[in-house]
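# Survey of secondary and tertiary structure
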Amino acid sequence: MAKKRFPSTFVPTPLFLLLLLLLLPRGEAPPIEGPPSYASFAFDAGAFPVESDYDYIVVGGGTAGCPLAATLSEGGRRVLVLERGGAPSEFPSLASPEGFLPTLVDTDAPDSPAHPFSSEDGAVPNARGRVLGGSSAINAGFYSRAHPSWFSLPRGPSWDMALVNDSYDWVERAITFRPVLRSWQSAVRDGLLEANVTPYNGFTVHHLAGTKIGATTFDSSGRRHSAADLLAFANPDRIRVALRATVDRVLLNPVPPGSRRRNQQSSAAIGVLYRDRLGRHHHAMVRPGGEVILCAGALGSPQLLLLSGVGPRPYLSSWGIPVAANLPDVGQHVYDNPRNGISIIPSIPLDHSLIQVVGIPTGEDKDAADASFLEAASNIVPFFSPPRSVFLHNPSSPLYVTVATLMEKVPGPASVGSLRLASLDARDNPIVRFNYFSNPEDLDRCVVGLRRVGDVLESRSMQEFRSVVGWLPWRGRGDFRYVGPALPANRSDRAAMEEFCRRTVATIWHYHGGCVAGKVVDGDYRVIGVGALRVVDGSTFAISPGTNPQATLMMMGRYVGRKMLAERKEKSHRRRAPWPPRRHM
Ligand SMILES: Cc1cc2nc3c(=O)[nH]c(=O)nc-3n(C[C@H](O)[C@H](O)[C@H](O)COP(=O)(O)OP(=O)(O)OC[C@H]3O[C@@H](n4cnc5c(N)ncnc54)[C@H](O)[C@@H]3O)c2cc1C
Ligand SMILES: *[C@@H]1O[C@H](CO)[C@@H](O)[C@H](O)[C@H]1NC(C)=O
Ligand SMILES: *[C@@H]1O[C@H](CO)[C@@H](O)[C@H](O)[C@H]1NC(C)=O
């Protein structure tokens, strides 16, 4: 019966799954809580003056931007956050795991919290946050730290690991929780162990080889927490958040050669130009000693640099954008981790779940596995399984199905793409191209990962999800009921496996790069050659951290904020210190 509706030629694009789940009944509203912490200092951009000045202007109130802004406000200086989206509380679907897929599908409104885009190659549907909290307010909530080796990548920034640990702790105390595993997640955990993704590490935020339960930003009542909640740590008298404030560009002034300091800066940020919902322009200007920090994400930050005249000179000139700084790598080194997997309609009812369990297999070269993050190999990630059944519209015979998925993510990845402007309007998505599987290394990893998915499917733990065949007492288990293609029957057939990888490629939404550290920003996240301007978000990553990046992005907001406060303190101390030093009595 079901076969009819899911012909084997049907390709399970993520879009199909999303459409399928659109029909999902909305989850019950989570318990009402008091107003969010930021309610006393977040307002519509229309209520802000047309010109005003601040010490720190954070562009993008996202995953890294919120913790950064909250931390900077602790220093007692004036902080402004400019966020193009609204507050998460305006969108009920963001509050619960059941709203995850509806949010990704409901994108017709110009202010939808999930802003859809798709890569030029293969038209793989993708999304980015357009709401306070950024993509952490629309994501699957899985929380897991980076492997320590991620912090010592060649040409990467040099990290103060004690401050890194402290910053992760700060995030975790506020917004992470231990999930409760139900049927599908438990079965996948057991299946991973049967497939030798060992040892079992239980519940941990650390990136450890084997199988583990990660943390989640959904609390025990199912309510989402996001980076926006980290604004609770802000000093409310020192911070303002402008909602529906779209930054058009950073205002840069040439630096006279005589006063150039660090990195031979040719220009410096003096403020930003932003637009409110009615299209009215505002200037937010930087006070002496202050800075603009771009936290607009892997698409937004490189786009804003280009629109501000920071990028490859010939490219900027082709758009007629005056060049403030020639930085050839802006918009280059853009990556997206491919996701591949299978989806099934299980034979028994399942509870709804987003990602809770991950497998981190050691690489084929076991000795090298822990030495380098790149050996973390493919992650097998159990995904959603709708809470109730999904209703498929069919006038004659309604069909209820639940879809469970098992997927793997290629770490790294090695394939590299780029982005460029689609227009001079900051509200438009830039054009992005990820070149999935253009590097054969990624294809190798996909094949290894999918073989592992196959092993999990064949495990005893997965038996109960196979379809029932025959009649009592001769009942047995048949194959899975797939939504879309099954894995190739012969998993040793490399060509067939590679073909499956290419044909079913989807995104796990961990795209990154565009302002990569060491190329566009220096070790302190300052834009190379430009004063008073930094980029702090996923655009600085050459490799996505851990199994999933949000933990490290929030950590990074806190971390850079602490660094900046310490730097500023030291500087003003130096400036203020009387010479010769005054003696204490
Ligand atoms: C559907 C989905 C599921 C995911 N699931 C997980 C998961 O389970 N676990 C995990 O760790 N990661 C997950 N991720 C990835 C993770 O959420 C992102 O990598 C991360 O949130 C990106 O953080 P960021 O700070 O770089 O950018 P963002 O959080 O996207 O922040 C950028 C902010 O800048 C704003 N902005 C952009 N341009 C402008 C402008 N011109 N003016 C003003 N504001 C602007 C945006 O509105 C946004 O709020 C998921 C992502 C998605 C989309
Ligand atoms: C940071 O935390 C990791 C993981 O717990 C630990 O191995 C490491 O020693 C810590 N580093 C410092 C400097 O505290
Ligand atoms: C599976 O594929 C491998 C490699 O192509 C081939 O050698 C083997 O004969 C195939 N096995 C079957 C059962 O078809």
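Scroll up to find the structure.
Residues numbered from 1 in each chain as written. Chains lettered and ligands numbered in written order. Predicted model: local features only at pLDDT ≥ 70, side-chain atom pairs only at ≥ 80, totals over all residues. Heavy atoms only, no water.

This part is about the overall build of the protein chain. Scanning the protein chain from terminus to terminus reveals eleven helices and 30 strands. Put simply, 74% of the contacts in the protein chain that link residues at least 6 apart link residues at least 24 apart. Here the protein chain has roughly 24,100 Å² of accessible surface; of this, 53% comes from carbon and sulfur atoms. (Helix = DSSP H or I, 4+ residues; strand = E, 2+ residues; numbered from the N terminus. Contact = heavy atoms within 4.5 Å. Areas by Shrake-Rupley, 256 points an atom, 1.4 Å probe, with all protein chains shown as cover.)

This part is about helix α3 (residues 65-73). Working note: α-helix, 3.6 residues per turn, so residues spaced by three or four point in the same direction. Here α3 lies mainly inside the structure; nine of its nine residues are buried. Residues G65, C66, P67, L68, A69, A70, T71, L72 and S73 constitute the buried set of α3. (Buried < 20%, exposed > 50% of the residue type's maximum accessible area, 1.4 Å probe, protein only.)

All right, on to the state of the cysteines then. Scanning the model with the defined rule gives one disulfide in all. C295 provides the cysteine sulfur closest to C66, a residue in no disulfide bond, and the two sulfurs are 8.9 Å apart. Classification of C295 by relative accessible area gives buried; the value is 5%. (Disulfide = S-S within 2.5 Å.)

The next point concerns the site of ligand 1. Of all residues adjacent to ligand 1, which total 36 residues, the nearest are T63, E83, S135, F142 and Q550. Contact distances for ligand 1 include 3.3 Å between an oxygen atom and a backbone N or O atom of P549. Contact with the protein chains covers 97% of the free accessible surface of ligand 1, which is 1,000 Å². If you list the elements that add at least two residues to the shell around ligand 1, you get α4 (100-105), β5 (125-129), β11 (246-254), α7 (297-307) and α11 (550-576). (Near = heavy atom within 4 Å. Polar contact = N/O pair within 3.5 Å; in protein donor to acceptor, adjacent residues only side chain to side chain.)

Counting across every chain of the model gives 15 aromatic pairs. Plain terms: the ring middles of W150 and F541 are 5.2 Å apart, the flat faces sit at 90° to each other, and that makes the pair edge-to-face. Of this pair, W150 sits in the loop between β6 (142-143) and α5 (161-175) while F541 is found in the loop between β30 (533-535) and α11, placing the two residues 391 residues apart along the sequence. The same class applies to W150 and to F541, which are both buried. Every member of this aromatic cluster is reached through a ring pair, and the members are W150, F151, W159, Y168, Y525, F541 and Y559. Its end group placed over the ring of Y54, R78 keeps NZ or CZ at 4.8 Å from the ring centre. Over the ring of W509 we find R339; its NZ or CZ atom is 5.0 Å from the centre of that ring. (Phe/Tyr/Trp six-rings, centres within 6.5 Å; stacked < 30°, edge-to-face > 60°. Lys NZ or Arg CZ within 6 Å of the ring centre and 35° of its normal.)

A few words on the environment of T504. Assignment of secondary structure puts T504 in the loop between α10 (494-503) and β27 (506-507). The class for T504 is buried, based on a relative accessible area of 9%. Spatially, the C-alpha atoms of T504 and G341 are 7.8 Å apart, while their sequence positions differ by 163 residues. What T504 contacts, discounting residues up to four positions off in sequence, is R339, N340 and P485. A polar atom in the side chain of T504 sits 2.8 Å from the side chain of N340.

Turning to the site of ligand 3, a few remarks are in order. Taken together, N490, S492 and D493 make up the full set of residues near ligand 3. At 2.3 Å from an oxygen atom of ligand 3 is found a side-chain nitrogen or oxygen belonging to N490. In isolation ligand 3 has 360 Å² of accessible area, and contact with the protein removes 25% of it.

Let us look at the packing of helix α9 (residues 440-457) against α10. At a minimum axis separation of 9 Å, α9 and α10 run at an interaxial angle of 100°. When the axes of α9 and α10 are compared, the pair comes out roughly perpendicular. When α9 is examined against α10, the residues L443, D444, C446, V447, L450 and R451 are found in contact with a partner set consisting of R494, M497, E498, F500, C501 and R502. Its residues assigned to classes, the contact of α9 with α10 comprises seven nonpolar, no polar and five charged. (Axes fitted to C-alpha atoms, helices over the stretch in contact; angles between N-to-C directions. Parallel < 35°, antiparallel > 145°, perpendicular 65-115°, else oblique. Nonpolar A, V, L, I, M, F, W, Y, C, P; charged D, E, K, R; others polar.)

Another point: the pairing of strand β4 (residues 114-118). Here five bridges tie β4 to β5, and the two strands are oriented antiparallel to one another. Along β5, the bridge assignment pairs H115 with R128. The turn joining β4 and β5, which pair antiparallel and follow one another in sequence, is formed by six residues; a positive phi near 75° is taken by G122. (Pairing = 2+ DSSP bridges.)

Counting 132 residues, the largest nonpolar core has I57, V272, V292, L305 and L533 as the members making the most contacts within it. Take this core: its biggest share by element is nine residues, from α11. The residue makeup of this core includes at least three contributed by each of domain 1 (39-176 + 223-333 + 417-427 + 511-575) and domain 2 (180-213 + 338-410 + 437-504). Here I57 is in contact with L80, L82, G271, V272, A284, M285, V286, E291, V292 and I293, once residues within four sequence places are set aside. Grouped together as the second largest cluster of nonpolar side chains are 17 residues, L94, L101, A114 and I355 included. (Core = buried A, V, L, I, M, F, W, Y, C linked by side-chain atoms within 4.5 Å. Domains from an automatic or database assignment.)

This brings us to the side chain of S52. Of note, S52 is situated in strand β2 (residues 51-59). Here S52 falls in the buried class, since its relative accessible area comes to 14%. Once residues lying within four places of it in the same chain are set aside, the contact partners of S52 are R78, H283, A284 and M285.

Turning our eyes to something else, we now look at the pattern of salt bridges. This structure, assessed with the given rule, holds 27 salt bridges. A salt bridge links E90 to R244; its shortest N-O distance comes to 2.9 Å. Note that E90 is positioned in the loop between β3 (79-82) and α4 and R244 in the loop between β10 (239-243) and β11, a separation of 154 residues in sequence. Salt-bridge contacts for D166 lead to R562; the nearest nitrogen and oxygen are separated by 3.4 Å. On the criterion of sequence distance, the pair formed by D166 in helix α5 and R562 in helix α11 is long-range, its members being 396 residues apart. (Salt bridge = Lys/Arg side-chain N within 4 Å of Asp/Glu carboxyl O.)

Along its twelve residues, helix α6 (residues 183-194) runs 16 Å from first to last C-alpha, staying within 8% of the 16 Å computed at 1.5 Å per residue. The complete set of buried residues in α6 reads W184, Q185, S186, A187, V188, G191 and L192. (Expected span 1.5 Å × (residues − 1).)

Turning to the pairing of strand β22 (residues 404-409), a few remarks are in order. In terms of burial, β22 is largely enclosed, as six of its six residues are buried. Judged by which residues are buried, β22 turns out to be covered on both faces: A404, L406 and E408 on one side and T405, M407 and K409 on the other are all buried. Here six bridges tie strand β17 (residues 338-344) to β22, and the two strands are oriented antiparallel to one another. Bridge pairing links I344 to A404 in β22.

Here the focus is unusual backbone geometry. The amide bond that connects T198 to the next residue, P199, takes the cis arrangement and shows omega of 5°. The peptide bond linking G412 to P413 adopts the cis configuration, its omega dihedral lying at -15°. Take P413: it is sitting in the loop between β22 and β23 (418-420). Look at F437: it is not a glycine, yet its phi comes out positive at around 60°. As for its position among the elements, F437 is in the loop between β24 (431-433) and α9. You can call F437 buried: its relative accessible area is 4%.

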